[in-house]
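# Geometric and topological summary
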Amino acid sequence: MKAETFISDDYRPAEDEPFMNDKQLEYFRRKLLNWKAELLSDTRDTIEGLQDGTRNIPDVADRASEETDRALELRTRDRQRKLVAKIDSALRRIDEGEYGYCDVTGEPISLKRLDARPIATMSLEAQERHERREKVHRDD
């Protein structure tokens with residue numbers, strides 16, 4: 001087990017540092033862990049709300065509205081569940097020393113992209129190529 005790397009709360013990865021040094025890895029690990037904790041907290045709140053919110057609503061329109069709201073909430077939580085899996089995958093890549101590198105080209109993913117989307121697995125260029133190819137095949 002590696003010793004914990006200390007970084008200040010105001011630390012931001014910089015282009016003039018060695019790519020994916022210990023400080024940058026710790027920065028992204030913390031960012032991912034905080035994001036995951038936030039999502040899991042939201043999920044717990046939703047579950048509690050759905051359990052508490054179960055009630056008999058006599059008006060058909062109100063009941064339909066309530067069901068629509070619940071379905072939307074459950075869809076959102078399902079998306080977040082998938083996001084938690086991607087966060088776990090990114091944390092695994094950090095532990096394995098593969099984080100920050102494009103799955104397609106092996107090139108470093110820009111720090112700006114990783115800061116905006118820490119679960120990114122492709123560089124911006126590779127992602128754009130992937131989406132163009134996907135769009136072409138979808139139109140068939």
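First, a word on scope: everything that follows refers to the structure included in this document.

Reading guide: rules and limits
Residues numbered from 1 in each chain as written. Predicted model: local features only at pLDDT ≥ 70, side-chain atom pairs only at ≥ 80, totals over all residues. Heavy atoms only, no water. Helix = DSSP H or I, 4+ residues; strand = E, 2+ residues; numbered from the N terminus. Rg over C-alpha atoms; globule rule 2.2 N^0.38 Å. Buried < 20%, exposed > 50% of the residue type's maximum accessible area, 1.4 Å probe, protein only. Contact = heavy atoms within 4.5 Å. Areas by Shrake-Rupley, 256 points an atom, 1.4 Å probe, with all protein chains shown as cover. Lys, Arg positive; Asp, Glu negative; His and termini not counted. Salt bridge = Lys/Arg side-chain N within 4 Å of Asp/Glu carboxyl O. Phe/Tyr/Trp six-rings, centres within 6.5 Å; stacked < 30°, edge-to-face > 60°. Core = buried A, V, L, I, M, F, W, Y, C linked by side-chain atoms within 4.5 Å.

## Re the overall build of the protein
Along its length, the protein carries 4 helices and 0 strands. The C-alpha atoms of the protein give a radius of gyration of 20 Å, which is well past the 14 Å a tight globule of 140 residues would have. Dimensions of the protein, computed from C-alpha atoms along their principal axes, come out at roughly 65 × 50 × 25 Å. Relative to its full complement of 140 residues, the protein shows a buried share of 29%. Look at the contacts in the protein between residues 6 or more apart in sequence, and 53% of them connect residues 24 or more apart. Counting only carbon and sulfur atoms, one obtains 50% of the accessible surface of the protein, whose full area is about 10,000 Å².

## Topic: the side chain of Arg 93
Note that Arg 93 resides in helix H2 (residues 60-96). Asp 103 provides the closest opposite charge to the buried, unpaired Arg 93, separated from it by 5.1 Å. Sequence-distant contacts of Arg 93, that is, excluding residues within four places in its chain, are made with Glu 98, Tyr 99, Ile 119, Ala 120 and Thr 121.

## What to know about the packing of aromatic side chains
By the definition in use, this model includes 4 aromatic pairs. Taking 5.9 Å as the distance between ring centres and 70 degrees as the angle between the ring planes, the aromatic pair formed by Tyr 11 and Tyr 27 counts as edge-to-face. A residue pair is termed long-range when its members are at least 10 positions apart, and Tyr 11 in the segment before helix H1 (22-52) and Tyr 27 in helix H1 qualify at 16 residues. With relative accessibility at 9%, the residue Tyr 11 sits in the buried group. Residue classification places Tyr 27 among the buried positions, given a relative accessible area of 9%. Between Phe 28 and Tyr 99, the ring centres sit 5.5 Å apart and the planes meet at 50 degrees, which makes this aromatic pair tilted. Taken together, the residues span a long stretch of sequence, with Phe 28 in helix H1 and Tyr 99 in the loop between H2 and helix H3 (111-116) at a distance of 71 residues. The exposure classification of Phe 28 matches that of Tyr 99, with both residues buried. Ring pairs connect the aromatic residues Tyr 11, Tyr 27, Phe 28 and Tyr 99, which therefore count as one cluster.

## Remarks on the environment of Arg 129
Its location among the elements puts Arg 129 in helix H4 (residues 124-139). Owing to a relative accessible area of 34%, Arg 129 belongs among the partly exposed residues under this scheme. Considered as a pair, Arg 129 and Asp 22 are 107 residues apart in the sequence and their alpha carbons are 31 Å apart.

## Some words on the nonpolar core
Considering soluble globular proteins, one finds that nonpolar side chains tend to be buried as a cluster. Judged by nonpolar contacts, the single largest core of 23 residues is most densely connected at Met 20, Phe 28, Leu 32, Ile 87, Ile 94, Tyr 99 and Leu 114. Looking at this core, the elements with two or more residues in it are H1, H2 and H3. The greatest single-element share of this core, amounting to 6 residues, is contributed by H2. Discounting chain neighbours no more than four positions away, the residues touching Met 20 are Leu 25, Phe 28, Tyr 99, Gly 100, Tyr 101, Leu 111 and Leu 114.

## A look at the environment of Glu 128
Structurally, Glu 128 can be placed in helix H4. Remark: the alpha-carbon pair of Glu 128 and Val 60, spanning 68 residues in sequence, is separated by 46 Å.

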